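If you want the building blocks of each chain, they are given just below.
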Amino acid sequence: MLEVDVPQFNAEDNMLNVDFDGAHFEDKGELSEVEVYEGAGTCYAWDGVTFLDLFDADEYAECRKENLFYPFASREEWEVADFLLHSPLSMAAINQFLELPMIH
């Protein structure tokens, strides 16, 4: 049987060594919301371009402001495409469906 040493919490012990004065926060010259922990991941570019920045800067950004489901005409059209994407239908069956006059 595997034995695991589980530490027990004792209210009289000072097991939680927390600095409530804010010394664990980065000092950027102003109040920062960033907590720094040794061994944690680090963000190296504070002013970098994010995916959302690129998404909002492309040639279709204005179309998406008017139509959330762009490039689809409506939510209903998007739901049809989403259904087809997640359906077990073959590509041939999907192509047959998309060739129906009702769909054009």
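Residues numbered from 1 in each chain as written. Predicted model: local features only at pLDDT ≥ 70, side-chain atom pairs only at ≥ 80, totals over all residues. Heavy atoms only, no water.

1. Looking at the overall build of the protein
And step 1. A tally of helices and strands in the protein yields four helices and zero strands.
And step 2. In sequence order, the protein lays out its α and β elements as α-α-α-α.
And step 3. Expressed as a percentage of its 104 residues, the buried residues of the protein come to 8%.
And step 4. Taking contacts inside the protein between residues at least 6 apart in sequence as the whole, the part at least 24 apart equals 0%.
And step 5. Accessible surface for the protein amounts to roughly 10100 Å². Of this, 57% is attributable to carbon and sulfur atoms. (Helix = DSSP H or I, 4+ residues; strand = E, 2+ residues; numbered from the N terminus. Buried < 20%, exposed > 50% of the residue type's maximum accessible area, 1.4 Å probe, protein only. Contact = heavy atoms within 4.5 Å. Areas by Shrake-Rupley, 256 points an atom, 1.4 Å probe, with all protein chains shown as cover.)

2. Details of the pattern of salt bridges
And step 1. One pass over the structure, following the stated rule, counts three salt bridges.
And step 2. Put simply, Lys65 and Glu62 hold a salt bridge, and the shortest N to O gap is 3.2 Å. Highlighted residues: Lys65 and Glu62, both in helix H2 (residues 61-66), separated by three residues, approximately one helical turn. (Salt bridge = Lys/Arg side-chain N within 4 Å of Asp/Glu carboxyl O.)

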